[in-house]
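The residues making up each chain are set out below.
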Amino acid sequence: MPTIGQLTLLVIAVAFFATSGAISLSRFWHERNGARIAAKACGWSGVVLGVIVLLWHNATRGSWLPLGDNFDTLIWLGLLLAVFSFYVQRTKPIIGLDWFTTPIVTLLLLAAAIFGRTQPHEYVSTTWSWVHRVSAYGGALAFFVAGAVGVLYLIVNHRLRDKKLAMAGPNLGSLERLEHVTFTSTTVGFALLTIGAITGFIQLVFKHEHTSMAKIVLTVGVWLVYALVLHSPINPSFRGRKTAMLSVLGVLLMIGVLVIVQLMPAGGSH
Amino acid sequence: MQRLLLLGLNHTTAPLDVREKLAFNAQQAREAMSAFRERFSDSEAVLLSTCNRVELYVARAVHGHPRVEEMVEFLSAFHRVPAERFRTHLYEKLERDVVAHLFTVVSSLDSMVLGETQILGQVRSAYDSAREASAVGAILNPLFQRAISVGKQVMTQTSLNEGRVSVASVAVDYARKIFDHFNDKTVLSIGAGEVAQLVLQHFTKLAPGKLLICNRDPQKGQDLAQEFNGTPATFEHLAEHLTKADVVITSTGSPHAIITRSDFEPLLKQRRYRPIFIIDLAVPRDVEASVGDLENVYLYNIDDLQHVVSTTQSQRTDAVESARAIVSQQVDDFVAWHRTREMGPAIDRLYKRYHALAQEELARTLKKLPQITDAEKEHLAELTRRIVNKLLHDPITALRSGGDQHTSAAAYLHALEKLFALNDDAEKSKEDESPDSP
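Reference entry: report on the structure contained in this document.

### A short note on the sheet that holds strand E7 (residues 231-234) of chain B
Residues and elements named next belong to chain B.
- Pairing in this open sheet of six strands is parallel, and the strands run E7-E6-E5-E8-E9-E10 from one edge to the other. The outermost strands of the open sheet, each flanked by one partner alone, are E7 and strand E10 (297-301). Neighbour-to-neighbour, the strand axes of this sheet turn through a mean angle of 20°, independent of strand direction.
- Examined bridge by bridge, strand E8 (residues 247-250) and strand E9 (residues 276-280) share four bridges and lie parallel to one another. Its bridge partner being in E9, Thr250 is matched across the sheet by Asp280.
- The strands that helix H7 (residues 167-178) touches are E8, E9 and E10; relative to E9, the one it contacts most, it runs at about 165°.
- Relative to strand E6 (residues 210-215), helix H9 (residues 218-227) is tilted by about 155°, and along the sheet it contacts E6 and E7.

Structure (structure tokens):
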């Protein structure tokens, strides 16, 4: 279970991310270089604090294996999403990406604080379960990015169709770039989710571990949605707006899976 | 005495779907001028038709033809469009307001894109076209010559056309919102409109993977392809080119849409639903508006692009004020010059009449003074001449300057003729000059 000190630091990190998101969102109405720098500084401060919490927590529990419990896992997920968002913004500028990823990061860290305190789960440290966790959470991370970029795609597409709005606000990236990022994230996420699902299935069948039916149904739903998204090169009538909408739907289902996992007695399976 | 009239509609009074119904291409403009001259042979006319406006400038005798209603009917009959469909979008102007409007138009102050230089060429073309049809004379010749000179003055003496956002640059900005890179994209240009060439110039700077130039006239297409380092493409295979294209720039003079929804929809599958950016710069439009409703099709017409451009105009108020000052001064100068020209003969008659009256009275007086010397006679003659000049000085100055610039010269002239009985005088002098008079 996390200590009060770790939780306090985590709440400060959450505050940093929330501030970063708010400052970044203000750029929607008025683009200022100062705001961009402030948002970035707050975001990185949150990352640094999150890493300190992780290190402290691992030192306290005496294990350095990542994803050892749900507190550790949700922080990992949040920080990786934040770092990945910063990386994408640096290499392929998509100005609004952090408007969507920062709230998810904030929620993940808050969830770590809440569930880590009220529903602490020690994850089973077998290889199968570890691979299952890493691939499932990695997939979720990629889908969060795909969903965020999908929302941006829908906004840009709406602006271009409205015409009068097309030149309003900051440049959120071209449709082509957004579609590419969505597709890449989905491809990575889908591969990881598939591994996660197979390893989960093996644990379920061969190791007779129990899990929630809702979790299985939602996971299959996420898998099918992203299978459709990946289907777009074969059936191009899916490309564009439909792909973006499916990505967003997939993220919503994925959030449902994550919530169920946190509410289950032993973190989804044991 | 001539009257100046203007009847027209523009981007501020009429939407594109009305403007395109009344637009004239070069051939239609020539035909319209001939038809106009045939019907109203005593009047002068210039027809200005651009993507933003259709305006008919007319000079005719005060009580002559065409009247405004006849001008409306002329436009309606030529395009076979019921007048009710566009009447509410029309504006009409008279006399000084016509001059002010034309000078404002030619200076691009009335354009959607402030500072655009194209309008100057378009006004010049309209004037040349009217000259070829012998449709301009003593009134519209000096008016349009002065207008072109005003346009040049505004472009050279103000910064109106500096730092402006052009339709071409806006089109490229839009393309960048759809596509990330262009080295694997195909740009297709259909037609050879002037704006389209400007847009094409901007797109070539993006180094597209392929540039296809499609024109009904193969030689023109070949020339353009050479100029822009592109590949000529045949108009007959337009559907095939549309399947390959990622960006389409179209500006033909076709009176009907060349890309319809029913033609384009089946191509979507062949295109594998790739996004396509279509820039329709033609008026009338080349692409049916409903094509823009299709998935992954982004269709922009000239109004859509110009709307964005116009939002940047408020940032150049200094240049606009300088341009307006030039236009205002030139309008005053032209109206004063025109008034002097119109009033000249009447003022001459006025002087002649009153000097003649004075001479008659002087002669009568001199008969009663037989002992008067020649020197004294000279003094008296000079006195009467100066009295007449002084009496006429103020009214004539007022007539020449116009006083209230908005009062029609015709109104002044009419008053002058009535007050000083100049018509009787003119008729009498005509009778005197008549070979049949005794």
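### Structural notes on the packing of helix H2 (residues 33-61) of chain A against helix H3 (residues 70-91) of chain A
Residues and elements named next belong to chain A.
- One way to put it is that H2 packs onto H3 with a least axis distance of 10 Å and a crossing angle of 150°. Relative to H3, the element H2 is oriented roughly antiparallel. Judged by the sense of rotation from one axis to the other, the crossing of H2 with H3 is left-handed. Side by side, H2 and H3 meet where Gly43, Gly46, Val47, Gly50, Val51, Val53, Leu54 and His57 of the first sit next to Phe71, Asp72, Ile75, Gly78, Leu79, Ala82, Val83 and Phe86 of the second.
- Split by residue class, the contact of H2 with H3 holds 10 nonpolar, five polar and one charged.

### Some thoughts on the sheet that holds strand E3 (residues 53-61) of chain B
Residues and elements named next belong to chain B.
- Reading across from one edge, E2-E3-E1-E4 is the order of the four strands in this open sheet, with antiparallel pairing throughout. Both edges of this open sheet fall to strand E2 (44-49) and strand E4 (91-94), since each of them pairs with a single strand only. Taking each pair of neighbouring strands and ignoring which way they run, the sheet shows an average axis angle of 15°.
- Strand direction decides the pairing type here: strand E1 (residues 2-10) and E3, joined by nine bridges, are antiparallel. Residue pairing for E3: Leu7 is matched across the bridge by Leu56.
- Strand contacts of helix H3 (residues 68-79): E1, E3 and E4, with the helix running at about 40° to E1, the strand carrying the most contacts.

### What to know about the environment of Asp180 of chain B
- Structurally, Asp180 of chain B is set in the loop between H7 and strand E5 (186-190).
- A residue is classified by how many C-beta atoms lie within 10 Å of it, and Asp180 of chain B, with 17 of them, is partly exposed.
- Not counting the four nearest positions on each side in its chain, Asp180 of chain B is found in contact with Ser174, Glu176 and Arg177 of chain A.

### Examining the nonpolar core
- Ranked by internal contacts, the top residues of the largest apolar core, which has 179 residues, are Val46, Leu47 and Val199 of chain B.
- Top contributing element to this core by residue count: helix H5 (residues 127-162) of chain A, with 15 residues.
- Ignoring any residue separated from it by four or fewer positions in sequence, one finds Val199 of chain B in contact with Val167, Ala168, Ala171, Ile249, Ile279 and Leu281 of chain B.

### A closer look at the interface of chain B and chain A
- Contacts between chain B and chain A engage 17 residues on the former and 15 residues on the latter.
- Mapped onto the side of chain B that touches chain A, the elements with two or more residues apiece are H7, E10 and helix H12 (302-310) of chain B.
- Top contributing element to the side of chain B that touches chain A by residue count: H7 of chain B, with five residues.
- Among the residues making up the side of chain B that touches chain A, the classes are represented as eight nonpolar, two polar and seven charged.

Cut-off values and rules
- Residues numbered from 1 in each chain as written.
- Chains lettered and ligands numbered in written order.
- Predicted model: local features only at pLDDT ≥ 70, side-chain atom pairs only at ≥ 80, totals over all residues.
- Pairing = 2+ DSSP bridges.
- Helix = DSSP H or I, 4+ residues; strand = E, 2+ residues; numbered from the N terminus.
- Axes fitted to C-alpha atoms, helices over the stretch in contact; angles between N-to-C directions.
- Contact = placed C-beta atoms within 7 Å.
- Parallel < 35°, antiparallel > 145°, perpendicular 65-115°, else oblique.
- Left-handed = near helix turned anticlockwise from the far one by under 90°.
- Nonpolar A, V, L, I, M, F, W, Y, C, P; charged D, E, K, R; others polar.
- Buried ≥ 20, exposed ≤ 12 C-beta atoms within 10 Å, placed from the backbone.
- Core = buried A, V, L, I, M, F, W, Y, C linked by C-beta atoms within 7 Å.

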